[in-house]
Amino acid sequence: MNKTMVDLVKATKIYPPDVAALEDFSLTVDKGEMVFLTGMSGAGKSTVLKLISGIEPPTKGLVEVAGKDLTKMKAKEIPAFRQQIGMAHQDFKLLPDRTVAQNIGMAMEVSYENFRAIRNRVNELLQMLKLEHKHDTQTEKLSRGEQQRVAIARAVANYPVLILADEPTGNLDPVTTELVMKLFKQYNDAGSTIIIATHDEHIFQNTTHRVLELANGRLIATRPTLQP
Amino acid sequence: MKFISHVLTQTGRNLQKTWPTQFMTLLTVSLSVLIFAFFFLIYTNVMKASEKLGDNLRLTIYLEDEPVPEMQEQLKKKINDFNPVEKVLFVSRAEAFQRLAEQLGDDRDILTDMNPAFLPPSIEVYPEKDLNSLARIKVFSDYLATLPGATKVQYGHGWVERFHYFTKLIQLIVVLSGVLLILTSTFMVAYTIRLAVINRQAELEILRLLGATNSYIQMPFVIEGLLQGLLGSALGILSLHLLYRWIAKLFSGPTFLNLFEFTFFAPTTIGLIVAAGILLCTVGSLSAMRKFLRI
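The rules behind the values
- Residues numbered from 1 in each chain as written.
- Chains lettered and ligands numbered in written order.
- Predicted model: local features only at pLDDT ≥ 70, side-chain atom pairs only at ≥ 80, totals over all residues.
- Heavy atoms only, no water.
- Helix = DSSP H or I, 4+ residues; strand = E, 2+ residues; numbered from the N terminus.
- Rg over C-alpha atoms; globule rule 2.2 N^0.38 Å.
- Buried < 20%, exposed > 50% of the residue type's maximum accessible area, 1.4 Å probe, protein only.
- Contact = heavy atoms within 4.5 Å.
- Areas by Shrake-Rupley, 256 points an atom, 1.4 Å probe, with all protein chains shown as cover.
- Domains from an automatic or database assignment.
- Salt bridge = Lys/Arg side-chain N within 4 Å of Asp/Glu carboxyl O.
- Core = buried A, V, L, I, M, F, W, Y, C linked by side-chain atoms within 4.5 Å.
- Pairing = 2+ DSSP bridges.
- Axes fitted to C-alpha atoms, helices over the stretch in contact; angles between N-to-C directions.
- Buried area = accessible area lost by both parts, 1.4 Å probe.
- Polar contact = N/O pair within 3.5 Å; in protein donor to acceptor, adjacent residues only side chain to side chain.
- Phe/Tyr/Trp six-rings, centres within 6.5 Å; stacked < 30°, edge-to-face > 60°.
- Left-handed = near helix turned anticlockwise from the far one by under 90°.
- Nonpolar A, V, L, I, M, F, W, Y, C, P; charged D, E, K, R; others polar.

Q: Got a minute to help me understand the overall build of chain B in this structure?
A: Scanning chain B from N- to C-terminus turns up nine helices and four strands. A compact globule built from 295 residues would reach a C-alpha radius of gyration of about 19 Å, whereas chain B, at 31 Å, exceeds it by more than 25%. Dimensions of chain B, computed from C-alpha atoms along their principal axes, come out at roughly 100 × 40 × 30 Å. Taken across its 295 residues, chain B has 39% of its residues classed as buried. Look at the contacts in chain B between residues 6 or more apart in sequence, and 83% of them connect residues 24 or more apart. A total of about 16700 Å² of accessible surface is found on chain B, and carbon and sulfur atoms cover 65% of it.

Q: Would you mind showing me how to read the domain arrangement of chain B here?
A: Accessible area lost on assembly of the parts is the figure often given for the size of an interface. We note that the domain assignment places domain 1 (2-52 + 162-249 + 260-293) and domain 2 (58-155) within chain B. Between the C-alpha centres of domain 1 of chain B and domain 2 of chain B there is a distance of 54 Å.

Q: It is not clear to me how the pattern of salt bridges should be interpreted in this structure. Could you clarify?
A: When the charged atoms of two side chains with opposite charge come close together, those side chains can pair. All names here are of chain A. All chains considered together, the criterion is met by 20 salt bridges over all chains. The residue Asp69 makes a salt bridge to Lys72 at a minimum N-O spacing of 4.0 Å. Accessibility expressed as a relative area gives 16% for Asp69, which makes it buried. When its relative accessible area of 68% is taken as the criterion, Lys72 is described as exposed. Salt-bridge contacts for Lys134 lead to Glu146; the nearest nitrogen and oxygen are separated by 3.6 Å. With Lys134 in the loop between α4 (115-128) and α5 (144-157) and Glu146 in helix α5, this pair connects stretches of sequence that are twelve residues apart. Comparing Lys134 with Glu146, the two get one shared label, buried.

Q: So what exactly am I meant to see when it comes to the nonpolar core here?
A: Side chains of a nonpolar character, in soluble globular proteins, are inclined to be buried together. One finds Phe36(A), Ile104(A), Phe184(A), Ile196(A), Leu207(B) and Phe221(B) to be the most contacted residues of the largest nonpolar core, which totals 78 residues. Residues in contact with Phe36(A), not counting those within four places in the same chain, are Met181(A), Ile196(A), Thr198(A), Ile203(A), Phe204(A), Thr207(A), His209(A), Arg210(A), Val211(A) and Leu212(A).

Q: Just checking my understanding: could you explain the sheet that holds strand β9 (residues 210-215) of chain A for this structure?
A: Through backbone hydrogen bonds, the strands of a sheet pair up, either in parallel or in antiparallel fashion. Residue and element names in this part refer to chain A. Pairing within the open sheet is mixed, and its six strands lie in the order β6-β7-β8-β3-β9-β10. Both edges of this open sheet fall to β6 (85-88) and β10 (218-223), since each of them pairs with a single strand only. Averaged over all pairs of adjacent strands, the angle between strand axes in this sheet comes to 15°, irrespective of strand direction. In terms of strand pairing, β6 meets strand β7 (residues 162-166) through four bridges, oriented parallel. Counterpart to Met87 in the pairing with β7 is Leu164. Contacting β3 (34-38), β6, β7, β8 (193-197) and β9, helix α1 (residues 45-53) crosses the sheet at an angle of about 150° to β7.

Q: Sorry, what's going on with the interface of chain A and chain B here?
A: Across the contact, 21 residues belong to chain A and 20 residues belong to chain B. Carbon and sulfur atoms make up 63% of the surface buried where chain A meets chain B, a total of about 1900 Å² over both sides. Three residues stand out in chain A for area buried against chain B, namely Arg98(A), Val110(A) and Tyr112(A), and they jointly supply 33% of the buried area on that side. We note a salt bridge from Glu203(B) to Arg98(A), for which the minimum N-O separation is 2.8 Å. In this assembly, chain A and chain B are joined by seven residue pairs in polar contact (both at pLDDT 80 or more). When contributions to the side of chain A that touches chain B are tallied by element, the ones reaching two or more residues are α2 (78-83), α3 (100-109) and α4 of chain A.

Q: Quick question: what am I supposed to make of the packing of aromatic side chains here?
A: Given two aromatic rings, one states the distance between the centres and the angle between the planes to describe the pair. All names here are of chain B. Inspection of every chain in the model, using the stated rule, returns twelve aromatic pairs over all chains. The interplanar angle of 25° and the centroid separation of 6.3 Å between the aromatic rings of Tyr244 and Phe262 together place this pair among those described as stacked. Separated by 18 residues along the polypeptide, Tyr244 in helix α8 (residues 214-250) and Phe262 in the loop between α8 and α9 (267-292) bring together distant segments of the chain. Judged by relative accessible area, which is 36%, Phe262 ranks as partly exposed. A network of ring pairs unites the aromatic residues Phe36, Phe40, Tyr244, Phe262, Phe264 and Phe265 as a single cluster.

Q: How should the environment of Thr47(A) be read in this particular structure?
A: Residues and elements named next belong to chain A. Along the chain, Thr47 falls in helix α1. Counting along the chain gives 167 residues from Thr47 to Leu214, while the straight-line C-alpha distance between them is 11 Å. Beyond its immediate sequence surroundings of up to four residues, Thr47 is in contact with Lys13, Tyr15, Ala21 and Leu22.

Q: Could you clarify how one ought to interpret the packing of helix α6 (residues 157-199) of chain B against α8(B) in this entry?
A: To characterise two packed helices, one gives the angle between the axes of the helices and the distance between these axes. All names here are of chain B. Following both chains from N to C, one finds α6 and α8 inclined at 145°, their axes separated by 10 Å at the closest point. Handedness of the α6/α8 crossing: right-handed. Along its contact with α6, which presents Val189, Ile193, Ala196 and Val197, the element α8 presents Phe221, Glu224, Gly225 and Gln228. Its residues assigned to classes, the contact of α6 with α8 shows five nonpolar, two polar and one charged.

Q: Honestly, the environment of Val122(A) in this entry has me stumped. Any pointers?
A: Residue and element names in this part refer to chain A. Within the secondary structure layout, Val122 lies in helix α4. Classification of Val122 as buried rests on a relative accessible area of 4%. Spatially, the C-alpha atom of Val122 lies 6.2 Å from that of Ala101, the residues being 21 residues apart in sequence. Ignoring sequence-local partners within four residues, the contact set of Val122 consists of Ala101, Ile104, Gly105 and His135.

Q: Explain unusual backbone geometry here, please?
A: Peptide bonds are trans in most cases, and residues, glycine excluded, mostly fall at negative phi. Residues and elements named next belong to chain A. Look at the link from Pro16 to Pro17: it is a cis peptide, with omega at 5°. By the element assignment, Pro17 lies in the loop between β1 (4-15) and β2 (19-30). Positive phi values are uncommon outside glycine, yet Tyr159 reaches one of about 50°. For Tyr159, the location among the structural elements is in the loop between α5 and β7. A positive phi angle, close to 50°, is found at Asn216, a residue other than glycine.

Put into structure tokens, the structure is as follows:
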């Protein structure tokens, strides 16, 4: 059985006219692993996540997720692939005029989950992220930190096998950051593969997981896994 | 089942968000159906009346002299050879006089001193029911005028002609209102769906990122078009029915409308109009999606 979840081989992404966001970047992430991508703004962290989620195709190189070559994936296979991935975007990508519950539920609705299961799951996540009192609040009325937590809740709602989080703690206070990291750890312990792009050193400084440092679209350092 | 309930929920949300535009489109579709159905109703009733006209059509050939029995047979054969007819009736001078006297009733005294042979003999031709086009009646009448001894052919020419042109006019209006219906239904629905797609671009983008299938994204728009067609045409037909009942009530009693048996559409026709409305609006919705919803 293939134990690799993500395999990027010499992936290059060049945005027009000639901006190289990623150059010859290789990364292998095993199933059930948690990996941190770090680096300054513009280092290429978000681009890595976009390539893995299939939002952007690589200009060159190979991107394989769960054994599937994304560059050869047929259009009709994309929805099923994306339903298995939960992504918390840096800009949240929430619908401002929908309630918190509706925004989180969307991830499960596209998989045609039954409405009762969606309701229960949404309530469970809101409780975990201490947002239960915001159930019926429109997301435009939330603070940035609250919006970020809603985006994270939506990313994990559908029990994805792969969770991608782009600066998930960028707008959070230390207490909420700990809450979110606890949630990720919980999913990681349950078997989900998690890749977190962040420049917040606090969340990985004592980690036992791999930390990859990027600069100018290239991998410049890999911190070995610390033994617990 | 889950797919249907999710798509219907999504459709409900969309309608809730875009109801003012949807309502305006619904009114436009209803109005178009009402206009088309109104003229189509008149047309179907006029056609029914024209069939009745065919039933009662009689051409009278006035003759110089009464034909002898052999001549009568010859004339009958010539008429049937040209156009098969239901009945040919020879009316002698004496029979014509007798008929006139009966028509005059109590005033028949005025005929007392008249010569019973002053009326011309005639042949009454009752064509078959299929002779209901003005052009064919004219050709037949022209032929009858050439029969030996014929002086004149009468069949209420002016009235039939006017009725024929009226039928043609209604036919033209039905076609034009049909075109109007097609244009308004298709384009209005397409325009509404286009607006909805543009307004919901951000939402559609998020749905795609979350892994929504094409059918999950497209079906609500198709259902919106279908509902516009169903409700719009049903509302149009209902309005026409109310109008029909109001007019029927208004003109009940001895009025000119009672000369015709004016009836409403049969259930099959109603079903066909509603089906056409649904089809047109769905086509409008599909064409808008094909143009503006890139998946």
